[in-house]
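Letter by letter, the chains look like this.
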Amino acid sequence: RLADVATTYSFKGWMMAKRTAATGESGTDHIKEILREWNAFWIPFPQEYDTGIDGVVHFDKPIRKNETITYQPTGTMILAQVKAGRGYLNRAKKRPEHVGVSLGKEHIEKHKKVWGAYPEPVILIFVLPPKRKGERTRAWWVDLKADTSYATTNRGLILIPRRQTFGLHSKREL
């Protein structure tokens, strides 16, 4: 029956959207954990506007006075797009020194101008959740304003050098 097909399709779409949202949430949770160690925090952008920016990394400076620690904004911010999940991973044998992130040609064309318009740095943080129990979450980052971040043969692909992992040590690099 047509009604059963429509219900099944809607349910599958809903389940896929729910699973994608959960993966995205676990990606931003991983990022937030790292930012806490940096004395920084995540300010999310509303997703309904699809600006190509998922949030802002805002840096604070800890100030110690006697036994009390307060935090003062530094004015330093980095805008970020976050992608999480194996569905974005592109393992290209031609580029073993890179992690490929498939965003699609249209997505990149639509957002590249937006990313370039901001005066602040704009990065992509790609989070790869563990495949099996006991594995750890891994993440990488790349400057979305740099031409070298984009594949020349596949216009839908972002290239992240494998050495550019996103972790506690990354604060110095950013």
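For the structure, see preceding data.
In what follows, the accompanying structure is described. (Residues numbered from 1 in each chain as written. Predicted model: local features only at pLDDT ≥ 70, side-chain atom pairs only at ≥ 80, totals over all residues. Heavy atoms only, no water.)

### A word on the sheet that holds strand E6 (residues 122-128)
Then, in step 1: A sheet is described by the order of its strands in space; here 5 strands give the open sequence E1-E2-E3-E6-E7, paired in mixed fashion. Each having just a single partner strand, strand E1 (40-44) and strand E7 (138-143) make up the two edges of the open sheet. Taking each pair of neighbouring strands and ignoring which way they run, the sheet shows an average axis angle of 35°.
Then, in step 2: Of the pairings in the sheet, the one linking strand E3 (residues 68-84) to E6 comprises 6 bridges and is parallel in character. Within E6, the residue paired with Lys83 across the bridge is Phe126. (Pairing = 2+ DSSP bridges. Helix = DSSP H or I, 4+ residues; strand = E, 2+ residues; numbered from the N terminus. Axes fitted to C-alpha atoms, helices over the stretch in contact; angles between N-to-C directions.)

### Description of the pairing of E6
Then, in step 1: Of all 7 residues in E6, 7 are buried; the element is thus mostly enclosed.
Then, in step 2: Residues of E6 alternate between two faces, with Val122, Leu124, Phe126 and Leu128 on one and Ile123, Ile125 and Val127 on the opposite face, all of them buried.
Then, in step 3: Sheet analysis places E6 next to E7, joined by 6 bridges and oriented antiparallel. Counted as the bridge partner of Val127 is Ala139 from E7. (Buried < 20%, exposed > 50% of the residue type's maximum accessible area, 1.4 Å probe, protein only.)

Shape is all these values report; function is a separate question.
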